[in-house]
Amino acid sequence: MSANEDLEEASNNMMMYCAACGIAGADDIKLKKCTACKSVRYCGVKCQKEHRPKHKKECKNRAAELRDEILFKQPESRDLGDGLPHLLYTASD
């Protein structure tokens, strides 16, 4: 298993538990993701607020990485034709 796979597996395992109290997610306990970084989950608002000082710096860094990934993501390749056909036709045509 590669280092990236190990990291991804550890991350997935962490996301099955509340980052503050460690309670496991189950049918009756729905864990909610941190909306900024999506890296950790919480069982409730109380745990999220208690864990915030520990999580804040990591959260800001991860949220910035996610924004960069979205910003610099290459758009899917589409056939745009050759050139700019919308410039070839004018209202007088």
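For the structure itself, consult the block above.
Thresholds, definitions, all that
Residues numbered from 1 in each chain as written. Predicted model: local features only at pLDDT ≥ 70, side-chain atom pairs only at ≥ 80, totals over all residues. Heavy atoms only, no water. Disulfide = S-S within 2.5 Å. Buried < 20%, exposed > 50% of the residue type's maximum accessible area, 1.4 Å probe, protein only.

In this section: the state of the cysteines. All chains considered together, the criterion is met by 0 disulfides. Cys37 provides the cysteine sulfur closest to Cys34, a residue in no disulfide bond, and the two sulfurs are 3.7 Å apart. A relative accessible area of 5% places Cys34 in the buried class. No disulfide involves Cys59; its sulfur sits 3.7 Å from the nearest other cysteine sulfur, which is in Cys34. Under the relative-accessibility criterion, Cys59 is labelled buried at 2%.

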